[in-house]
Amino acid sequence: MNFKIKNTLSNTIVFASLVCVSLAQAESILDNSFSENVINSTAAVLVQKTITGTVTDNSGVLLPGASVQVKGTSKGVTTDFDGIFSLEASAGDVLEVSYVGFKTSQITVGAASQYSVQLEANTSELDEVLVVGYGTQKKSDLTGSVSSVVADDFNKGVVSNPGNLLQGKVSGLNVTNTSGEPGAGQDIIIRGVGTLRSGTSPLYVVDGFVLDNSANGVPTNPLNFINTQDIESVNVLKDASAAAIYGSRAANGVVVITTKKGKSGRTQMNLTASTAIASIANKIDVFSADEFRQIVPQIGGSLSDNGGNTDWQDELTRTAITHNVNFSMSGGTPNTSYFASVGVNDQEGVLNNSNLKRYSARANVSQKGLDDRLKVDFNLTATRTENERPNTFTMINGMLQLNPTTPAYTNGEPTVFGTGVNPLIIENIYGDFSENNRMIANIAPSLEIIDGLTYKLNLGVDYSKTDRDVQFIPYSADPDYALGSISTSFTSNKNTLVENTLNYTKDFGEHNLSLLAGHSYQKFFIQSKGFYFSNFPDNGIEPRYQLGEARGEDATQYSNATSNELQSFFGRVNYTYADKYLVTATLRSDGSTKFGENNRYATFPSLAFGWNIFKEEFMATSGFNNLKLRASWGKSGNQEIPSKQTRLSYGESFEDDDIYPLDDAVTSREDYPYGLVFARTANPDLQWEETTQTNIGLDFGFLDYKLSGSVDYFMKETNDVLLYFSTQDPIDEVGYKWQNIPGMKIKNSGLEFALDYQSDRTRDFSYNVGGNFSYIKNEITDSPFTIVTTGAASGGGQTGATINGYMNNKPIGNFFLREFNGIGEDGFSSFTDVNGDGQIDDSDRISAGSAVPDIIYAFYLKFKYKNFDLGFNFNGVSGNKIYNHTRMNLFNITQIANSLNTTDQAIEFPGEDINNSNTVSTRYLEDGSFLRLNNATLAYNLDPQVIGMGKWINGINLSVTGQNLFVITEYTGFDPELNTGSSGDSKSYGIDYFTYPKPQTFVFGLNVSF
């Protein structure tokens, strides 16, 4: 109906134009110049005709999907599956013909109505423009180490955040999902761990806006707010030359995210919809009911046979369904372009009561004026994220250890246990609900003052507000849950940014110079408050809906706020001579209110050189399409510590008799007022943590750029390491505070390699293979500590025992454990007496490997045959260990002796005493290496003409994607990609503590373009 209206409207306009022309001609005597213009316009309308033609490559192979556009207008079409196009045009119109991998060609419409257009292959990718810090650069001009991933190469399937898009796509980048929960947190590490604190994430920049790395009250990944289908490309700035322009927060690398923009002269609408079906990927092989009945008596345990046959892993997991719908539209004129989208993502987790919903909207608009000297970019994104989470610990603990002879249900209701609570009941009475509303907006007007000199202002705000309720509904059948409770928190974050930059670009013959100078001011304000209430009536109403009915006397409230500011001055010089010799120099000075008055500012320089060897005359017949040598050195900083750590702070205390004044009339301690004590002593000398990095790289390309790749060697060293530790000063009344550790260093060095081969894409059958490999050596040197604990045990009688930490001359995440030798003749665990003193204690612990892998690799295979596409993406790690904390707590002989379920790991040693303790040791340390088929996708491009919809639809794509299809590993837990260990101010690695299992997912997708 709409298309008919559009055609009728067009005919009406033409008819009206002719009428107006006739009137104008009748009045030509009054205004000759007016009539001449109208007559010319009339002629243009009258000679408009249908232009047809074909588009081929230089070998005559037809190119389906090529774009044919009338230059300067929004009128355009794409070639059909036979490479044929047809559109209305007039004599003198210029047609722009383009196709991916080929140079754009222009033809002028003349008297002919048929044209054959032959496109020349664009064998070089060096003219590709990449978004880097505060601007763009051609790939051929880059001197730093930058990896770019575009939308077509992103990981497919159910993807909640940008990190999942990049897993296995970038050499030197290790992306670890901490669990299989929807939108789970991630450890994203670029070129090794360079800090001891929990702030190991890279800096994220979205469309020029620098995000805050701190938490915003969301219990899962704070980056879940980004709709991944809005992302055009992601560039990872890895070395100091590329990242130093961001100075203070670039020590962990920088991830630059660019969202989709509209294109002049092209109007397009896209609708994508998908449904995903997920189930637990790997069940742990606990004993069945029949096996349980046999084994408990065999090992001397006391069998409790309740007559059932229950697979608790099946009872407490589900087939999860995810629905994802997105609609976008984009287009533009020579002066205006736009992109707008809305999306809904509703994802279920494989555990019951596990859901993540995101509602998103985006608008990106660009406007030009003043003869293209003025340009205004406006970006707005608004999202609402709703997250429901189960009590993961209880669910995982229950599904692995509950007696399989106990029925899950009795008379249709969850079975009531004699002791403990059925986790199916916990599902009904526990709730963790969070709602996050977030808006990011930035406007960036730029003005070319004189030729080559451009001023740009970037104003932005990131506002986030999160409400979270964690509750237990009263359950009178168990005294531990009879009263019910609720813990509620409210968190708001505000991040404002003001940046001013001047950029000057000038060509002097073979010399090209680009200068950047800028100032940045960013302010962060975080506020949180909350309360805890208990003792609610058991009336069927959830505590969050009847706060006024709480009767508990242990109600608590809290509130706090922090404000931080960051001011920066920066500059960069890019110089190129003859497109062969490249120099980049960067200098940034940052001042942060997080540091002491004596060291508030720090300066971060970098210098890089590049040599396009293949452009030298002696390389003319070498066969290289690209050969560039890069070398860089630079410094970057890290300020990711809690706020106010340099300032003096007091608090009230009623402990250790901190009371005053003395009064003989007061006989009770409680009658004294609180005393003031130091909560934190001043530390004006606290300073930036600095990372120095050196990089040498080689980029290469052969065979008309079909074969391309890069090799990089880097060395990264962190000094003035920040850590929260004891002052070891008897005069200091606080004892612990943030300090720079004198002389301590964190060293990372490694080798990265990436390779890609693309066959001739114009053939019916083509393929693309490639991959990347990274080796990273990590080491801590000159540490004054024996060990700084990062991961400690919980429960099982081992709470607080060290599992891993930071040790001198060892890698980060080093496991420090007793060495398990098996079961002794007495039936108890035997450990190595390292120091030979005849005693087994903490002094006998050994360095048993690291949780951080030293090898990261990935490879991909893509095939295309006519309208079919098939792709596989693999990724893996090697050289790391995992401490199976779940196994230590549950998979031991004591468990099954007490009629609780376990695995055959508990009975692997004949003669083990049923009272043997589960001591923290290498017994539970396992190999964490794995190879995963991350995702595989089969897609078909359906020609709309075939189904009679060619007039309305440009393209239809049908796809099916499998995620996490298989994992090759020796690890015995749910999955080797994890990290759920406990940690405080220091980062924990490689501990599996009742981790939410990962799903295996199949996604069915539809993409329609109009």
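These numbers were taken from a predicted model, which means no experiment stands behind them.

**So, the overall build of the protein**
Here is step 1 of the chain: A tally of regular secondary structure across the protein gives ten helices and 53 strands.
Here is step 2 of the chain: Burial statistics for the protein: of 1010 residues in total, 49% are counted as buried.
Here is step 3 of the chain: Sequence separation of at least 24 residues holds for 70% of the intrachain contacts in the protein that already meet a minimum separation of 6.
Here is step 4 of the chain: Summed over its atoms, the accessible surface of the protein is roughly 45,000 Å², and 54% of this surface lies on carbon and sulfur atoms.

**Digging into helix H7 (residues 392-401)**
Here is step 1 of the chain: Of all ten residues that make up H7, eight are buried, and the element is covered over most of its length.
Here is step 2 of the chain: Buried within H7 we find Thr-392, Met-395, Ile-396, Asn-397, Gly-398, Met-399, Leu-400 and Gln-401.
Here is step 3 of the chain: Looking at the buried positions of H7, the neighbouring elements they touch are helix H6 (312-315), helix H8 (423-429), helix H9 (885-890) and helix H10 (893-897).

**With respect to the confidence of the model for the protein**
Here is step 1 of the chain: The pLDDT averaged across the protein works out to 86; a share of 89% of its residues lies at or above 70.
Here is step 2 of the chain: The secondary structure element of the protein with the lowest average pLDDT is helix H1 (residues 2-26), at 37, and the one with the highest is strand E49 (residues 925-927), at 97.
Here is step 3 of the chain: Confidence drops under a pLDDT of 50 for residues 1-46, and excluding neighbours within four residues, the segment shows 13 contacts in the predicted structure.

**Points about the side chain of Arg-358**
Here is step 1 of the chain: Inspection of the secondary structure assignment puts Arg-358 in strand E20 (residues 355-369).
Here is step 2 of the chain: Despite its burial, Arg-358 pairs with no opposite charge; the closest candidate is Asp-230, at 7.8 Å N-O.
Here is step 3 of the chain: Apart from the residues within four sequence positions on either side, Arg-358 is in contact with Ser-160, Asn-224, Phe-225, Ile-226, Asn-227, Thr-228, Gly-343, Val-344, Asn-345, Arg-384 and Thr-385.

**A closer look at helix H5 (residues 289-298)**
In an α-helix, one turn spans 3.6 residues; hence positions three or four apart end up facing the same way.
Here is step 1 of the chain: All buried positions along H5 are accounted for by Ala-289, Phe-292, Ile-295 and Val-296. Down the axis of H5, the sector holding all buried residues measures 125°, keeping them to one side. Opposite the buried face of H5, by more than 90 degrees, sit the exposed residues Gln-294 and Gln-298.
Here is step 2 of the chain: On its buried face, H5 sits against H10.
Here is step 3 of the chain: Among the residues trailing H5, Gly-300 stands out with phi positive, at a value near 85°.

**What about the pairing of strand E21 (residues 374-389)?**
Here is step 1 of the chain: The pairing of E20 with E21 spans 15 bridges and is classified as antiparallel. Residue pairing across strands places Lys-357 opposite Glu-386, the latter belonging to E21.
Here is step 2 of the chain: Here E20 folds back onto E21 in antiparallel fashion, the turn holding four residues, of which Leu-370 has a positive phi close to 50°.
Here is step 3 of the chain: Two elements, E21 and strand E24 (residues 430-450), share 16 bridges in a ladder whose sense is antiparallel. Within the sheet, the bridge partner assigned to Leu-374 lies in E24 and is Leu-447.

**Points about the nonpolar core**
Here is step 1 of the chain: Counting 29 residues, the largest nonpolar core has Trp-312, Ile-396, Met-399, Leu-400 and Phe-974 as its most contacted members.
Here is step 2 of the chain: Secondary structure elements with two or more residues in this core: strand E17 (268-280), H7 and H8.
Here is step 3 of the chain: Contacts of Met-399, omitting those with residues within four sequence positions, involve Trp-312, Gln-313, Leu-316, Thr-317, Leu-351 and Phe-974.
Here is step 4 of the chain: Listed in part, the 28 residues of the second largest apolar core include Val-721, Ile-741, Ala-793 and Ala-851.

**Comments concerning empty space enclosed by the protein**
Here is step 1 of the chain: As enumerated under the stated definition, the model contains eleven cavities of 30 Å³ or more in all.
Here is step 2 of the chain: Of the voids in this model, the largest cavity is the one considered here, and its volume is about 520 Å³.
Here is step 3 of the chain: At the level of secondary structure, the elements contributing two or more residues to the lining of the largest cavity comprise E17, strand E19 (336-348), strand E50 (930-942), strand E51 (955-969) and strand E53 (999-1009).
Here is step 4 of the chain: Among the elements that line the lining of the largest cavity, the one with the most residues is E50, at three residues.
Here is step 5 of the chain: Taken together, the residues of the lining of the largest cavity sort by class into eight nonpolar, 17 polar and six charged.
Here is step 6 of the chain: Taken as a whole, the second largest cavity holds about 280 Å³ of empty space.
Here is step 7 of the chain: What lines the second largest cavity is a set of 27 residues, and nearest its centre among them are Asn-174, Thr-176, Pro-853, Val-877 and Asn-880.

**Quick word on the sheet that holds strand E4 (residues 84-89)**
Here is step 1 of the chain: Ordered by their spatial adjacency, three strands build an open sheet running E4-E1-E7, and the pairing between neighbours is mixed. Edge positions in the sheet fall to E4 and strand E7 (114-119), since each of these pairs with one other strand and no more. Neighbour-to-neighbour, the strand axes of this sheet turn through a mean angle of 30°, independent of strand direction.
Here is step 2 of the chain: As defined by bridge partners, strand E1 (residues 49-57) adjoins E4 across six bridges and the pair is classed as antiparallel. When the sheet's bridge partners are listed, Gly-53 is paired in E4 with Phe-85.

**Thoughts on the pattern of salt bridges**
Here is step 1 of the chain: With the rule as written, the count across this model stands at 37 salt bridges.
Here is step 2 of the chain: Among the salt bridges present, the one from Glu-386 reaches Arg-384, with a minimum N-O distance of 2.9 Å.
Here is step 3 of the chain: Classification of Glu-386 as partly exposed rests on a relative accessible area of 24%.
Here is step 4 of the chain: The class for Arg-384 is partly exposed, based on a relative accessible area of 26%.
Here is step 5 of the chain: Of the charged contacts, one joins Asp-869 and Lys-864 as a salt bridge, the two residues approaching to 3.7 Å between their closest N and O atoms.
Here is step 6 of the chain: Connected through salt bridges with shared partners, the residues Arg-191, Lys-238, Arg-630, Asp-699, Asp-712 and Glu-752 form a single ionic network.

Each value, and the rule that gives it
Residues numbered from 1 in each chain as written. Predicted model: local features only at pLDDT ≥ 70, side-chain atom pairs only at ≥ 80, totals over all residues. Heavy atoms only, no water. Helix = DSSP H or I, 4+ residues; strand = E, 2+ residues; numbered from the N terminus. Buried < 20%, exposed > 50% of the residue type's maximum accessible area, 1.4 Å probe, protein only. Contact = heavy atoms within 4.5 Å. Areas by Shrake-Rupley, 256 points an atom, 1.4 Å probe, with all protein chains shown as cover. pLDDT = per-residue confidence, 0-100. Lys, Arg positive; Asp, Glu negative; His and termini not counted. Salt bridge = Lys/Arg side-chain N within 4 Å of Asp/Glu carboxyl O. Arc of directions from axis to C-beta. Pairing = 2+ DSSP bridges. Core = buried A, V, L, I, M, F, W, Y, C linked by side-chain atoms within 4.5 Å. 1 Å grid on protein atoms, 1.4 Å probe; cavity = no way out; pocket = protein on both sides within 12 Å on 5 of 7 lines; lining within 4 Å. Points joined across faces, edges and corners; volume = space filled by probe spheres on them. Nonpolar A, V, L, I, M, F, W, Y, C, P; charged D, E, K, R; others polar. Axes fitted to C-alpha atoms, helices over the stretch in contact; angles between N-to-C directions.

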